[in-house]
Amino acid sequence: MRSIWFFVGLMLLVMGAIVTAAGAWQLARPPAAPKVLAQYHPSLWWGLVMMVFGGVFLWAGRRRTDA
Amino acid sequence: MQQAIGLTVFDWLVIAIYFAFVIGLGIYLKRYTRSEEDFFLAGRRNSSWVAGLAFLSANLGALELLGMTGNTFKYGMYVAHFYWIGAIPAMVFLGIYMMPFYYSSRIKSIPGYLKLRFDEKTRVLNGIAFGVMTILVSGINLYAMALVLHTFLGWNWDASMWASAVTVAAYVTLSGLMSAIFTEIIQFFLIWFGLFLVSILGIVEIGGVDEVLRRVPPAFAALWSTSADPAANGMMITWAGIVLGLGFVLSFGYWTTDFLVVQRAFSARDLRAARMTPILASFFKMALPFLVIITGLVAIVLSRDAGSGFQLLVDKGQVNYDSALPLLIARYYPAGLMGLGVTALLAGFMAGQAGNISAFNTVWTYDIYHSVLNRGASPRHLLWMGRVSTVAGILLSIVTAYWAKSFPSIMDYMQAIFSWVNAPLFATMLLGMFVWWITPNGAFWGLVTGMSSSVLLYLGVKFQWFDAARITLSHPYSDMAANFWRAWWAWLICFGVTIAVSLFTARKPREELAGLVKGLSAGAAEAPVPWQRRPEFWGVVALVLLVALNVYFW
């Protein structure tokens, strides 16, 4: 059976990629009604943080076969 | 109701991936769910990290997040007591002292221990009380879920409840406790990644943690220094109420006897892993106020600043405290992150509900159905019954959700339920595990009077038969203060009646209690490990950290 850490990593990686893509999209085309603190582009860097964590979990859970 | 928030394609994609993930996991894990032990105890093969995160996450539902952030808005920093004195000592006590009795006796549920230590009637009484409680809490989870969808997306309450309940029913029915544990761990990470950014952005907007604490009213900004006078703190309670009601009775009652959380430790692969489960979880529990309490304090500061444009929702003249967290997500999160925030809450709700339902199906199947209704049931039939009771439990929680909707603050209600069931049970467990001459009749009648007194005290205050100050021993008081004190009195009554009845009724022979009572066990079979891997060492580290946090925020 695949380790739970594998699934956690996969999910964080995929969701992080989508959040980063959303951040990049808003950087290129700023929304008409920006949220508070939008100038810090939280989607962009938080998405990247998620992808890094996701990658680490995916790597850590790649071989285990227990729960 | 506020205007519904529009979601972008990025947000919908994140939400859709989460739903696909949990359903996919349920289908993937079904092939490993062959026996009743796989379904009800996840095959007893988890590491302490997996069991520990699930142990914590079973308690970390949307209910907890919305309710505790709302409670921080209502009561101030005193809500951090739920995470520190109201959790850590009990979790360490469970790992060091109680888990050896639970795990070594190979029981499948907490009522199962009551059967071995006392008798069948005590087991069935607790099984029924626990079953009712899990359905009630599961119903509140549904309500919390509907609030999120209603607030964010403008969805219909009824449709929201039914859609989410069907998803949970699907994956718990497929693979039982294992899928519940997997989704709980995924939920743990989603909550941190999906919601911690709210606190960070709130602190950035206000200008630092010190500035947040400076702008919160003094009664809301301390942990202990205002606890001598109930009028001086937001929760309107004294230190005695916190220590006795929350720190001792409610906390120990919940963390050491509530099968919802303890079931996760039962899934551990060996005794050391089971003992480490709550102790590992305690470190993550201590960190949660930095997510929940800070978010609540940020909401207080913003709502007091007319220029911020931030106000909680008001429904029919009543402030909806539980709207604090969703409104902050709406304030800060742009496209993509919005989907992540909504997903974190959805995950919190669904895992919270799955946790309750997976505990309910176990107690129903073993402690009510197999124990009373069908003693000769085969393991295959019990596995089938586990799946049937999952669906039935979900349907019952939908009914409960409509009832829960009428309460102003979710957590007050949940504390009321816990003090009905868990508070007296902790007295029974404590006496049962540490005093050999406590009798089956003593335990049974202690539980009956303890639970009845708690319900009567609740009804007495609710319908104004007497003033709550008679329970809290101080004035003024809050609903929360009355909950804490009611738990204390229920515990004390159960404790006293159990001892009194035990003095006059037949005891179980000592030899029948070996392994179930302290001092009568032959010693748990635990392989020797270096000191830095011992649960006792990490338990002491957790307690030292707890003291440091309390002193720092005194």
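Residues numbered from 1 in each chain as written. Chains lettered and ligands numbered in written order. Predicted model: local features only at pLDDT ≥ 70, side-chain atom pairs only at ≥ 80, totals over all residues. Heavy atoms only, no water.

Peer 1: For this particular structure, what's the right way to read the overall build of chain A?
Peer 2: Scanning chain A from N- to C-terminus turns up two helices and zero strands. Taken over the C-alpha trace, chain A has a radius of gyration of 15 Å; the compact-globule value for 67 residues is 11 Å, which it surpasses by more than 25%. Considered along the principal axes of its C-alpha atoms, chain A spans approximately 50 × 15 × 15 Å. Within chain A, the proportion of its 67 residues that are buried is 42%. Long-range pairs, those at least 24 residues apart, make up 87% of the contacts in chain A between residues at least 6 apart in sequence. (Helix = DSSP H or I, 4+ residues; strand = E, 2+ residues; numbered from the N terminus. Rg over C-alpha atoms; globule rule 2.2 N^0.38 Å. Buried < 20%, exposed > 50% of the residue type's maximum accessible area, 1.4 Å probe, protein only. Contact = heavy atoms within 4.5 Å.)

Peer 1: Even after reading the chapter, I still don't get the overall build of chain B, so can you show me in this structure?
Peer 2: Within chain B one finds 21 helices and two strands. Taken over C-alpha atoms, the radius of gyration comes to 23 Å for chain B, in line with the 24 Å a tight globule of 554 residues would show. Referenced to the eigenvectors of the C-alpha coordinate spread, the extents of chain B come out at roughly 70 × 55 × 50 Å. Sequence-distant contacts in chain B: of pairs separated by 6 or more residues, those separated by 24 or more amount to 84%. For chain B, the exposed surface amounts to about 18,400 Å²; the carbon and sulfur share of it is 67%. Looking at chain B, you have 35 positive and 26 negative side-chain charges, and the mean spots of the two groups are 8 Å apart. (Areas by Shrake-Rupley, 256 points an atom, 1.4 Å probe, with all protein chains shown as cover. Lys, Arg positive; Asp, Glu negative; His and termini not counted. Charge placed at Lys NZ, Arg CZ, Asp CG, Glu CD.)

Peer 1: I tried to follow the side chain of S179 of chain B on my own but got confused; where do I start?
Peer 2: All names here are of chain B. As for its position among the elements, S179 is in helix α8 (residues 157–206). Of the polar contacts made by the side chain of S179, one reaches the backbone oxygen of G176; its length is 3.0 Å. Those residues in contact with S179 that lie beyond four places of it in its chain are G26, L29, Y171 and V172. (Polar contact = N/O pair within 3.5 Å; in protein donor to acceptor, adjacent residues only side chain to side chain.)

Peer 1: What am I meant to see in the interface of chain B and chain A here?
Peer 2: One widely used convention gives an interface's size as the accessible area the parts lose upon coming together. On the chain A side, the residues contacting the 41 residues of chain B number 31 residues. When chain B packs against chain A, close to 3,200 Å² is buried across both sides, 84% of that on carbon and sulfur atoms. In terms of surface lost to chain A, no three residues of chain B exceed F10, F21 and F193 of chain B, which account for 20% of the buried area on that side. Across the contact surface, chain B and chain A share zero salt bridges. Our count for the contact surface shared by chain B and chain A stands at seven residue pairs in polar contact (both at pLDDT 80 or more). Going through the elements one at a time, α1 (9–30), α3 (48–57), α8, α14 (324–332) and α15 (337–373) of chain B are the ones with two or more residues in the side of chain B that touches chain A. In terms of residue count, α8 of chain B provides more of the side of chain B that touches chain A than any other element does, 14 residues in total. When grouped by side-chain class, the residues that make up the side of chain B that touches chain A number 34 nonpolar, three polar and four charged. (Buried area = accessible area lost by both parts, 1.4 Å probe. Salt bridge = Lys/Arg side-chain N within 4 Å of Asp/Glu carboxyl O. Nonpolar A, V, L, I, M, F, W, Y, C, P; charged D, E, K, R; others polar.)

Peer 1: Quick question: what am I supposed to make of the packing of helix α11 (residues 259–266) of chain B against α15 of chain B here?
Peer 2: Between two packed helices, both the angle of their axes relative to each other and the distance between the axes serve to describe the pair. All names here are of chain B. The geometry of α11 relative to α15 is characterised by a closest axis approach of 9 Å and an angle of 80° between their N-to-C directions. It follows that α11 is roughly perpendicular to α15 by the angle criterion. Contacts between α11 and α15 involve F259, L260, Q263 and R264 from the first element and G355, N356, S358, A359, T362 and V363 from the second. (Axes fitted to C-alpha atoms, helices over the stretch in contact; angles between N-to-C directions. Parallel < 35°, antiparallel > 145°, perpendicular 65-115°, else oblique.)

Peer 1: Please clarify how α3 of chain B should be interpreted in this entry.
Peer 2: In an α-helix, one full turn covers 3.6 residues, which means residues spaced three or four apart are oriented alike. In terms of burial, α3 of chain B is largely enclosed, as nine of its 10 residues are buried. Along α3 of chain B, the residues that are buried comprise S48, V50, A51, G52, L53, A54, F55, L56 and S57 of chain B. The elements touched by buried residues of α3 of chain B are α1 (4–28) of chain A together with α5 (88–104), α8, α10 (239–257), α11 and α12 (271–287) of chain B.

Peer 1: Can you help me understand the side chain of T20 of chain A in this one?
Peer 2: Residues and elements named next belong to chain A. Residue position: T20 is located in helix α1. Side-chain polar atoms of T20 contact the backbone oxygen of G16, separated by 2.7 Å. Other than its neighbours up to four places away in sequence, T20 contacts S43, L44, G47, L48 and M51.

Peer 1: I'm lost on the environment of E512 of chain B in this one. Help?
Peer 2: Assignment of secondary structure puts E512 of chain B in the loop between α20 (479–502) and α21 (535–552). Between the C-alpha atoms of E512 of chain B and R117 of chain B, which are 395 residues apart in sequence, the distance is 8.3 Å.

Peer 1: Would you mind going over the packing of α8 of chain B against α14 of chain B with me for this structure?
Peer 2: Residues and elements named next belong to chain B. Viewed as axis vectors pointing N to C, α8 and α14 meet at an angle of 70°, and their least axial separation amounts to 10 Å. Taken together, α8 and α14 sit at an angle that is classed as roughly perpendicular. Judged by the twist between their axes, the crossing of α8 over α14 is left-handed. Contact residues: α8 offers L195, V198, L201, G202 and E205, while α14 offers L325, L328, I329, R331 and Y332. Grouping the amino acids of the contact of α8 with α14 by side-chain chemistry returns seven nonpolar, one polar and two charged. (Left-handed = near helix turned anticlockwise from the far one by under 90°.)

Peer 1: Would you mind showing me how to read the packing of aromatic side chains here?
Peer 2: The geometry of an aromatic ring pair is captured by two quantities: the separation of the ring centres and the angle between the planes. In total, this model carries 48 aromatic pairs over all chains according to the counting rule given. Seen in terms of ring centroids, Y18 of chain B and F19 of chain B are 6.0 Å apart; in terms of plane orientation they differ by 80°. Their pairing is edge-to-face. Judged by relative accessible area, which is 0%, Y18 of chain B ranks as buried. The exposure class of F19 of chain B is partly exposed, given its relative accessible area of 24%. The structure contains a cluster of three or more aromatic residues connected by ring pairs, namely F93, Y97, F101, F248, F252, F426, F434, W485, W488, W489, W491 and F495 of chain B. One Lys or Arg, R2 of chain A, reaches over the ring of F6 of chain A and ends 4.2 Å from the middle of that ring. In this structure, R106 of chain B is placed above the aromatic ring of Y103 of chain B, and the distance from its NZ or CZ to the ring centre is 5.7 Å. (Phe/Tyr/Trp six-rings, centres within 6.5 Å; stacked < 30°, edge-to-face > 60°. Lys NZ or Arg CZ within 6 Å of the ring centre and 35° of its normal.)

Peer 1: Quick question: what am I supposed to make of a nonpolar patch on the surface here?
Peer 2: Residue and element names in this part refer to chain B. On the surface, a nonpolar cluster with roughly 370 Å² of combined accessible area is contributed by W162, V391, L395 and Y402. Here the nonpolar patch gets three residues from one element, more than from any other, and that element is helix α16 (residues 379–404). Note that Y402 resides in helix α16. With a relative accessible area of 38%, Y402 lands in the partly exposed category. (Patch = residues over 30% accessible without salt bridge, like charges linked within 9 Å, V, L, I, M, F, W, Y side chains within 5 Å.)

Peer 1: Before we go on, may I ask you to explain α5 of chain B in this structure?
Peer 2: Residues and elements named next belong to chain B. Look at α5: 23 Å from first C-alpha to last across 17 residues, which is about the 24 Å you get at 1.5 Å a residue. Roughly 65° is the biggest bend found in α5, and it falls at M98, with proline P100 one to four residues downstream. The buried count for α5 comes to 14 of 17 residues, which makes it a mostly enclosed element. After α5 finishes, the residue R106 shows a positive phi value of roughly 55°. (Expected span 1.5 Å × (residues − 1). Bend = angle between axes of the 7 residues up to and from the residue.)

Peer 1: What should I look at first to understand the environment of G23 of chain A in this one?
Peer 2: All names here are of chain A. By the secondary structure assignment, G23 is in helix α1. On the accessibility criterion, G23 (4% relative accessible area) is buried. Counting along the chain gives 15 residues from G23 to A38, while the straight-line C-alpha distance between them is 10 Å. Once residues within four sequence positions are removed from consideration, G23 is found in contact with S43 and L44.

Peer 1: Looking at this structure, how should I read unusual backbone geometry?
Peer 2: One can expect most non-glycine residues to show negative phi and most peptide bonds to be in trans. Even without a glycine there, the phi angle at H41 of chain A is positive, about 50°. By secondary structure assignment, the location of H41 of chain A is in the loop between α1 and α2 (42–60).

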